[in-house]
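# Coordinate analysis (summary)
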Amino acid sequence: MAAQDLGEAGGLSSETPPESPDRTPTGGLRRADVAALAVVVGLLLFAIRKVSAIGHPFFWGEDAIIFYLQDTVPGQDLFDSYAGQLWILQRMVAPLLGAAPSVPLTMTLYYLASVVITVLSCAVILQRRAAAVFVRFRFQLIGFAAILLLPAVMEVHGNLANIHVWATISVMLCLSFPEPRTTWGKTAEGVWILVVALSGFTSAVLLPVAAWGLLRFRSRWAGVRAALIVLALTVAVAIWVTSDRPVATGGGLIDRILTAVESLPGRVGGALLAGEASGPNVPALLAIGLLLLVLVVALIELRSPCLAWLACGMVWLLLGAFSVPLTAITQLLVPLTAGRYYTVLLAACLLTLIRGLASPTRLRYAAGLGLAAVLFGVVADFRLPTSPGFTDTEIQQVEYCAQSGDPLCDTPARPWDQP
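Small disclaimer: the values here were computed from a predicted structure and weren't measured. (Residues numbered from 1 in each chain as written. Predicted model: local features only at pLDDT ≥ 70, side-chain atom pairs only at ≥ 80, totals over all residues. Heavy atoms only, no water.)

## Some words on the environment of L207
Here L207 lies in helix α11 (residues 202-217). A relative accessible area of 33% means that L207 is categorised as partly exposed. In contact with L207, other than residues within four places in its own chain, are I229, V230 and L233. (Helix = DSSP H or I, 4+ residues; strand = E, 2+ residues; numbered from the N terminus. Buried < 20%, exposed > 50% of the residue type's maximum accessible area, 1.4 Å probe, protein only. Contact = heavy atoms within 4.5 Å.)

Written out as structure tokens, the structure reads:
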């Protein structure tokens, strides 16, 4: 079947649909103005989800160790690996923020920069070409809001160490859209894909949607995008196998896969319905029902990228299951731990329901029901828990480590399991 036929069969088009005018159907506002307003509102909403991090700043996880502290050591560059992975995106940003005159200001800038990067990267869903997937601009706006209000993101919200998680969602969307119309747009997209794919192991996560795009569009640009993902994956594997990062031991392949699958009702279905803290307590029947609804929508919208999105989320979760030690693998079954491994799958579920909502068939009623059921979880997790700000003693320790030039200095940072 030709690429054009594939698109028409699934309600997708390689061109922007004609029903995406310069002006929105209501109010007469220009589409670009509405998109700009949506980004501004998105920045404010995303920032206040953990607003106390502005007045009580702290370093989260690896923020202090591999970004702030290592940036003060001569000889560090973009391609220095940590824990067997590159962190290109983070290392591009850290030097700019580390130039602040004080540690507290740097920590605040880390938070604000993470908010800005997240919102702007996810704003790709507002581009005109995204209408090839979401049909109408109103559904693009809903999708943008859904990503920024995603439940169960306490661990990945507002810290530099995890901006590649949100950037992965951005690239996942880009790979689902037709190619940019201008040379500048293609260049910008290619650079963005490569930077994100070289950060962490995101290239493996993006492989399913890159393959979908290659089959769907069958164009030279789709081939370029897929080639960039494969190139980045080759680099990631090479760095991993030559690193000294310890491999998770104990437990068989099947045990780890089963644990990851067992966690889906509580950590995905339950979290969407009731928020991260209450997700595992949601009745299994309700949580599984929501997940089945998402899967049904994806199967009915078979020509759309929905199944590829869900596959990306599952790859991320399985990578997490294989990276944690056996003693910690059960963390996948309880809330507020290892949450970073679920973010892409959570976003994929909501985007799938929104794609179903945009369907001209009766499927939109079932998808709308699923989205309505998620509203409580969105509200419950709007305000995210956060750690207390660094004490004066901790700030002094950071300053000492920065002045020492020792990349192994004992720099304080909030652990992953502490909100």
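Further notes follow.
## With respect to the packing of helix α8 (residues 137-148) against helix α16 (residues 343-357)
Contact geometry for α8 and α16: axes closest at 10 Å, N-to-C directions at 160 degrees. Considering the angle they form, α8 stands roughly antiparallel to α16. Where α8 crosses over α16, the two elements pack in a sense that is right-handed. Side by side, α8 and α16 meet where F139, I142, G143, A146 and I147 of the first sit next to L350, L351, I354 and L357 of the second. Classifying every residue of the contact of α8 with α16 gives eight nonpolar, one polar and no charged. (Axes fitted to C-alpha atoms, helices over the stretch in contact; angles between N-to-C directions. Parallel < 35°, antiparallel > 145°, perpendicular 65-115°, else oblique. Left-handed = near helix turned anticlockwise from the far one by under 90°. Nonpolar A, V, L, I, M, F, W, Y, C, P; charged D, E, K, R; others polar.)

## Concerning the environment of Y68
Assignment of secondary structure puts Y68 in helix α4 (residues 63-71). The exposure class assigned to Y68 is buried, which follows from its relative accessible area of 10%. Along the chain, Y68 and T411 lie 343 residues apart, while their C-alpha atoms are 9.8 Å from each other. Residues in contact with Y68, not counting those within four places in the same chain, are F59, D63, G98, V103, T106, Y110, V398 and A402.

## Some remarks on helix α17 (residues 363-380)
It helps to recall that an α-helix has 3.6 residues per turn; residues three or four apart then point in one direction. Compared with an ideal rise of 1.5 Å per residue, which puts 18 residues at 26 Å, α17 spans 27 Å between its outermost C-alpha atoms and is within 8% of the ideal. The largest bend in α17 comes to about 30 degrees, at V374. Within the sequence span of α17, burial applies to L363, A367, G370, L371, V374, G377 and V378. Against the buried residues of α17 lie α13 (253-274), α14 (284-300) and α16. (Expected span 1.5 Å × (residues − 1). Bend = angle between axes of the 7 residues up to and from the residue.)

## Quick word on a nonpolar patch on the surface
A cluster of nonpolar side chains, namely L37, V41, L45, I48, V51, I54 and L112, defines an oily patch on the protein surface of about 500 Å² accessible area. The biggest single contributor to the nonpolar patch is helix α2 (residues 31-48), with four residues. You can see I48 is positioned in helix α2. Residue I48 is classed as partly exposed on the basis of its relative accessible area of 37%. (Patch = residues over 30% accessible without salt bridge, like charges linked within 9 Å, V, L, I, M, F, W, Y side chains within 5 Å. Areas by Shrake-Rupley, 256 points an atom, 1.4 Å probe, with all protein chains shown as cover. Salt bridge = Lys/Arg side-chain N within 4 Å of Asp/Glu carboxyl O.)

## A word on the pattern of salt bridges
Summed over the entire model, instances satisfying the criterion amount to seven salt bridges. With a shortest N-O distance of 2.5 Å, E189 and R129 are connected by a salt bridge. Of the two residues, E189 is situated in helix α10 (residues 183-197) and R129 in the loop between α6 (103-122) and α7 (131-134); the sequence distance between them amounts to 60 residues. The same class applies to E189 as to R129, namely buried. Between R355 and E301 there is a salt bridge, with its nearest N and O atoms 2.7 Å apart. Of this pair, R355 sits in helix α16 while E301 sits in the loop between α14 and α15 (306-323), and the two are 54 residues apart along the sequence.

## Some details on helix α12 (residues 220-241)
The terminal C-alpha atoms of α12, which comprises 22 residues, lie 32 Å apart, in line with the 32 Å expected from a rise of 1.5 Å per residue. Within α12, burial applies to W221, A222, R225, A226, L228, I229, A232, L233, A236 and I239. Down the axis of α12, the sector holding all buried residues measures 150 degrees, keeping them to one side. When the buried face of α12 is taken as reference, the exposed residues oriented beyond 90 degrees from it are R220, T234 and V241. (Arc of directions from axis to C-beta.)

## Notes on the nonpolar core
By size, the foremost hydrophobic cluster in this structure holds 128 residues, and its most contacted members are F59, L126, F134, F144, M172, L173 and W309. Of the residues forming this core, the biggest block, ten residues, is contributed by α16. (Core = buried A, V, L, I, M, F, W, Y, C linked by side-chain atoms within 4.5 Å.)

## Comments concerning the packing of aromatic side chains
Tallying each qualifying case throughout the model produces nine aromatic pairs. A ring pair is formed by F67 and W87, whose centres lie 6.5 Å apart and whose planes are at 75 degrees; its orientation type is edge-to-face. Placement of F67 in helix α4 and of W87 in the loop between α4 and α5 (88-98) is noted, with a sequence separation of 20 residues between them. In this structure an aromatic cluster arises from ring pairing among F59, Y68, Y110 and F390. Against the face of W60 rests K50, its NZ or CZ located 4.5 Å from the ring centre. (Phe/Tyr/Trp six-rings, centres within 6.5 Å; stacked < 30°, edge-to-face > 60°. Lys NZ or Arg CZ within 6 Å of the ring centre and 35° of its normal.)

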